[in-house]
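Analysis of the macromolecular model
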Amino acid sequence: MTLNATTNTAASAPFTGRVSGVLFDIDETLVDLVAAMTDAMVSASTHLLPDFGPTDWADFSALYMADPERYYDRYVAGEFSFGQQRGLRARVVFERLGVAFDAAAEQQWISDFELAQPRSIRAFVDVVPVLDALDAAEIPYGAVSNNVHDYQRAKLDQAGLSRIEVLVGIDTVNVSKPDPAIFLEGCRQLGTLPEETIYVGDNYMVDGVASSRAGLHGVWLNRDGKVPPSDADSVMTIADLAGLTRLLGL
């Protein structure tokens, strides 16, 4: 399939090219992870913060997701286990709130969080329609994620996305995005050439720019209307996944 010329806010000129496959990021691209994590944080933390209301929980979630100490990135680099980075991120929030959070409370919080989160995993509403359109056009698709394969496999299944069979995690090739190897492994498993493969993700640099540098056609899913860095490489931009179907002329 040939990619249609399209107006886009990040690239300086329309793009055309052949598309034989599509790879997606998972978190905040296919799966509404922020909503699921917020629900899990409330479930795990209510007994410690009984007077919190909706605004308080939104602020709690925002600080946790901001991850000022970069614990998630350090987990990806191998410094912590997945559970440890969760507890460390929670510790930052509780310390800011002045709430006692000792080692026992931290371990209980991690357990409660991990029990609650799967119940809230949902796909964004625009995911199934774009997958249906790709199926109808016989364009293969898969996912490349900066988390381990089995955890993300369970997440896709919980979100009702078991139809996404190709999945590359950081333990598949022992590298993480933005390393080109993880994108190229996605193409290999999909059976497509990088130059004929689109990669869609919500992070401008780690998804859009990095996949473009790996030889794919990077597409930034900018759901929140963020402004990209002025000195960054240009990538195609869509506001939602319906934009991908328009881009492909489906």
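Now for a quick tour of the structure. Because the structure is predicted, anything quoted here is derived from the model rather than measured.

1. Details of the sheet that holds strand 7 (residues 217–221)
One open sheet holds the 6 strands; their spatial order is 5-4-3-6-7-8, and the pairing between them is parallel. Either end of the sheet is taken by a strand with one partner, and the two such strands are strand 5 (166–168) and strand 8 (236–238). The sheet shows a mean angle of 25° between the axes of neighbouring strands, taken without regard to direction. Contacting strand 6 (197–201) and strand 7, helix 9 (residues 204–213) runs over the sheet at an angle of about 165° to strand 7.

2. Focus: the environment of Met65
For Met65, the position within the fold is in helix 2 (residues 54–66). With 24 residues separating them along the chain, Met65 and Arg89 place their C-alpha atoms 8.3 Å apart. In this structure, Met65 is in contact with Val34, Met37, Met41 and Arg89, ignoring residues within four places of it in sequence.

3. Some details on helix 5 (residues 103–116)
If you check helix 5, its first and last C-alpha atoms are 20 Å apart, about what 14 residues at 1.5 Å a residue would give, namely 20 Å. Looking at helix 5, one finds that the buried residues are Glu106, Trp109, Ile110, Phe113 and Ala116. Along the axis of helix 5, the buried positions cluster into a sector of 140°, meaning they face one direction only. Turned more than 90 degrees off the buried face of helix 5, the exposed positions are Ala104 and Leu115. In this structure, the buried side of helix 5 is in contact with helix 1 (33–45), helix 2 and helix 4 (82–97).

4. Comments concerning the packing of aromatic side chains
Tallying each qualifying case throughout the model produces 14 aromatic pairs. With 5.4 Å between their ring centres and 75° between their planes, Phe60 and Phe94 make a pair best called edge-to-face. With Phe60 in helix 2 and Phe94 in helix 4, this pair connects stretches of sequence that are 34 residues apart. The pair formed by Phe60 and Phe94 is uniform in burial state, with each residue classed as buried. Through a chain of ring-to-ring contacts, three or more aromatic side chains come together here, namely Phe52, Trp57, Phe60, Phe94 and Phe101.

Calculation notes
Residues numbered from 1 in each chain as written. Predicted model: local features only at pLDDT ≥ 70, side-chain atom pairs only at ≥ 80, totals over all residues. Heavy atoms only, no water. Pairing = 2+ DSSP bridges. Helix = DSSP H or I, 4+ residues; strand = E, 2+ residues; numbered from the N terminus. Axes fitted to C-alpha atoms, helices over the stretch in contact; angles between N-to-C directions. Contact = heavy atoms within 4.5 Å. Expected span 1.5 Å × (residues − 1). Buried < 20%, exposed > 50% of the residue type's maximum accessible area, 1.4 Å probe, protein only. Arc of directions from axis to C-beta. Phe/Tyr/Trp six-rings, centres within 6.5 Å; stacked < 30°, edge-to-face > 60°.

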